[in-house]
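Architecture and fold: a report
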Amino acid sequence: QVRLVESGGGLVQAGGSLRLTCAASGSIFSINTMGWFRQGPGKQRELVALATEGGITNYTDSVKGRFTISRDNAKNTVYLQMNSLKPEDTAVYYCKAYTTRLNYWGRGTQVTVSS
């Protein structure tokens with residue numbers, strides 16, 4: 001099993017920055033890809049960014065140039081650096097870990113961007 005715990009969310013003014021952290025524990029080396037998703041009020045959960053074990057990254061168009069996903073060498077932590085935040089970035093942000101057997105979700109961390 002893999003446990004994911006997100007942290008780093010909070011309240012920030014538009015234009016500000018936050019860094020989210022997802023700490024993974026358990027079967028760390030079973031993880032292939034890690035990602036960040038978000039779900040805003042009344043919206044579907046959407047992909048924000050993905051990072052493969054091989055270092056390939058992918059971003060949804062709305063965050064390109066503003067957000068950066070990264071992983072540490074131990075593959076036990078993934079970060080989401082969020083710059084130039086906009087009110088529409090307000091959402092609960094979830095970490096996801098992909099394995100060959102199962103996928104795992106964290107419980108989420110709230111990001112609120114005020115105008």
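Scope of this entry: the structure provided in the associated data block. For clarity, every value in this text was computed on a predicted model and none was experimentally measured.

Moving on, we come to the overall build of the chain. Check the secondary structure of the chain and you find 0 helices and 11 strands. Overall, the chain shows an N-to-C arrangement of helices and strands of β-β-β-β-β-β-β-β-β-β-β. With respect to the principal axes defined by its C-alpha atoms, the chain has extents near 40 × 25 × 20 Å. Partitioning the intrachain contacts of the chain with sequence separation of at least 6 by distance along the chain shows that 54% fall at a separation of at least 24. With an accessible surface of roughly 6200 Å², the chain has 46% of that area assigned to carbon and sulfur atoms.

Glancing now at the pattern of salt bridges. Inspection of the entire model under this criterion finds 4 salt bridges. R38 is the salt-bridge partner of D89, the closest N and O atoms lying 2.9 Å from each other. Here D89 is found in the loop between strand 8 (77-82) and strand 9 (91-99), whereas its partner R38 is found in strand 4 (residues 31-39), with 51 residues between them in sequence. By the burial criterion, D89 is buried, and R38 matches it. When the shortest N-O distance is used, the salt bridge between K64 and D61 registers 3.0 Å. A relative accessible area of 60% means that D61 is categorised as exposed.

This paragraph deals with the environment of Y59. With respect to the helices and strands, the residue Y59 is situated in strand 6 (residues 57-59). For the pair Y59 and A49, spaced 10 residues apart in sequence, the C-alpha separation works out to 4.4 Å. When near neighbours in sequence (up to four residues on either side) are disregarded, Y59 contacts V48, A49, K64, F67, T68 and I69. From its side chain, Y59 meets the backbone nitrogen of I69 in a polar contact 2.9 Å long.

Sheets are built from strands that pair by backbone hydrogen bonding, the pairs being arranged parallel or antiparallel. Taken in spatial order, the 4 strands make up an open sheet running 1-3-8-7, and their pairing is antiparallel. Every interior strand has two partners, whereas the edge strands, strand 1 (2-7) and strand 7 (67-71), have only one. For this sheet, the mean angle separating the axes of adjacent strands, direction not counted, is 15 degrees. Alignment of strand 3 (residues 18-26) against strand 8, held across 6 bridges, turns out to be antiparallel. Across the sheet, C22 pairs through a bridge with V78, a residue of strand 8.

What follows is about unusual backbone geometry. Peptide bonds are, in most cases, trans, and in most cases residues other than glycine have a negative phi. The backbone of S84 sits at a positive phi, close to 50 degrees, despite the residue not being glycine. For S84, the location among the structural elements is in the loop between strand 8 and strand 9. For S84, a relative accessible area of 40% puts it in the partly exposed group.

This part covers the packing of aromatic side chains. Under the criterion given, the structure shown has 2 aromatic pairs. Judged by centre distance (5.0 Å) and plane angle (65 degrees), the rings of F37 and W105 are edge-to-face. Placement of the pair is F37 in strand 4 and W105 in strand 10 (residues 103-105), with a sequence separation of 68 residues. Given a relative accessible area of 37%, W105 falls into the partly exposed group. Consider the rings of Y94 and W105, whose centres lie 6.4 Å apart with planes at 85 degrees: the pair is edge-to-face.

What counts and what doesn't
- Residues numbered from 1 in each chain as written.
- Predicted model: local features only at pLDDT ≥ 70, side-chain atom pairs only at ≥ 80, totals over all residues.
- Heavy atoms only, no water.
- Helix = DSSP H or I, 4+ residues; strand = E, 2+ residues; numbered from the N terminus.
- Contact = heavy atoms within 4.5 Å.
- Areas by Shrake-Rupley, 256 points an atom, 1.4 Å probe, with all protein chains shown as cover.
- Salt bridge = Lys/Arg side-chain N within 4 Å of Asp/Glu carboxyl O.
- Buried < 20%, exposed > 50% of the residue type's maximum accessible area, 1.4 Å probe, protein only.
- Polar contact = N/O pair within 3.5 Å; in protein donor to acceptor, adjacent residues only side chain to side chain.
- Pairing = 2+ DSSP bridges.
- Axes fitted to C-alpha atoms, helices over the stretch in contact; angles between N-to-C directions.
- Phe/Tyr/Trp six-rings, centres within 6.5 Å; stacked < 30°, edge-to-face > 60°.

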